Amino acid sequence: MASSEEDGGAASEEKENNNKKRGKGTVATAWLAFYNIAMTAGWLVLAMAMMRFYMQKGTHKGLYRSIARTLKFFQTFALIEVGHCAIGLIRTSVIVTGVQVSSRIFMVWFVTNSIRQIQNEESVVLFLVVWTLTEITRYSYYTFNLLHHLPYFIKWARYTLFIILYPLGVAGELLTIYSALPFVRRSGMYSMRLPNKYNVSFDYYYCLVVIMLSYIPLFPQLFFHMLRQRRRVLHGEVIVEKDD
Ligand SMILES: CCCCCCCCCCCCC/C=C/C(=O)SCCNC(=O)CCNC(=O)[C@H](O)C(C)(C)COP(=O)(O)OP(=O)(O)OC[C@H]1O[C@@H](n2cnc3c(N)ncnc32)[C@H](O)[C@@H]1OP(=O)(O)O
């Protein structure tokens, strides 16, 4: 533990130098600290709301409705992260972050929130619990890291728990989309059939099928990206990443 504190000291000094080199000034650091504290707090509120709901009602039915507003707010707020990458505030690929954030926003707004009939599925609770655990760990990691007081446990959790949580979250998301398919087909929601004045046809059912299939090439890339980050941060390996 002592050596990890020394490592932490050296690492934070190095990070500060890197930040200076990259020109991450006080205002940027203050904004990121504010953003990460707000997001940690938001996901903690969600965790507490979910626990309170389950303890009071003894069922997961109605849980999504009870937290929907807070979830939509904080998950949509995460779009700012794509902006952080785009303007170079953080050293992360816009594409990797964009895929991660847009898939979450899509799950919240265009699947779970739009299709009431699936809101009580167990798979919804699965991805909600997994997202919540992930985000509390991730945002508290960034916060402590920015404040240069990073407990090793949080660093370890940030770069280890995803090994289980990522596949579980993806399973929850895919099962939820799968359970939405019959309702989407029956209702024809978000679809446009010909003939219409725009002369365009769009079938949301097939769009969902394509999105489910897109997890096959995209998820491994996100997962292996995280494994590389893990080797870099926990084991100090120098990773030369291909330009995303
Ligand atoms: C329109 C519809 C599109 C649909 C598309 C569908 C296809 C989808 C396929 C894939 C679906 C995925 C679904 C996701 C499910 C889940 O989330 S399940 C729950 C489990 N999830 C996770 O564990 C998430 C893991 N992913 C992430 O952490 C991120 O999303 C990430 C973008 C992949 C992280 O990558 P990255 O940012 O590169 O890693 P880090 O090591 O955390 O950060 C790199 C450096 O940047 C600094 N940094 C990043 N963010 C911040 C910040 N907010 N504040 C301050 N600093 C930040 C970080 O400290 C690192 O800097 P250094 O320390 O200097 O290296």
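Note that the structure is a prediction, hence the values are computed from the model and not measured.

Novice: Can you help me understand helix α2 (residues 26-57) in this one?
Specialist: Note: α-helices contain 3.6 residues per turn, so residues at a spacing of three or four share the same orientation. Across its 32 residues, α2 extends 46 Å between first and last C-alpha, which sits within 8% of the 46 Å expected from 1.5 Å per residue. Those residues of α2 lying buried are Y35, N36, M39, T40, G42, W43, L46 and M50. Packing partners of the buried residues in α2 comprise α3 (63-77), α4 (79-86) and α6 (122-146).

Novice: Just to check I follow, could you spell out the environment of V94 for this structure?
Specialist: Within the secondary structure, V94 sits in helix α5 (residues 94-112). Assessed through the 16 C-beta atoms surrounding it within 10 Å, V94 is described here as partly exposed. A sequence separation of ten residues divides V94 from H84, and the C-alpha atoms of the two residues are 8.5 Å apart. Look past the residues within four positions of V94 in its chain and what remains in contact with it is V82, C85 and A86.

Novice: Which parts of the structure should I look at to understand the site of the ligand?
Specialist: Near the ligand there are 36 residues, and of these T92, Q100, F162, G169 and L218 occur at the shortest range. Elements that contribute at least two residues to the shell around the ligand include exactly α2, α5, α6, α8 (162-187) and α9 (204-235). For the shell around the ligand, the per-class residue count stands at 19 nonpolar, twelve polar and five charged.

Novice: What exactly am I supposed to notice about the UniProt feature "transmembrane region" (unreviewed entry) in the chain here?
Specialist: Listed under "transmembrane region" (unreviewed entry) in the UniProt record, and renumbered for this structure, are residues 28-50, 124-141, 161-184 and 204-224. Taken end to end, residues 28-50 has its terminal C-alpha atoms 33 Å apart, with 100% of it in helix and 0% in strand. Helix makes up 100% of residues 124-141 and strand 0%, and the two end C-alpha atoms of the span are 26 Å apart.

Parameters at a glance
Residues numbered from 1 in each chain as written. Predicted model: local features only at pLDDT ≥ 70, side-chain atom pairs only at ≥ 80, totals over all residues. Helix = DSSP H or I, 4+ residues; strand = E, 2+ residues; numbered from the N terminus. Expected span 1.5 Å × (residues − 1). Buried ≥ 20, exposed ≤ 12 C-beta atoms within 10 Å, placed from the backbone. Contact = placed C-beta atoms within 7 Å. Near = placed C-beta within 6 Å. Nonpolar A, V, L, I, M, F, W, Y, C, P; charged D, E, K, R; others polar. UniProt positions renumbered as here; feature names shortened; annotations may be inferred.

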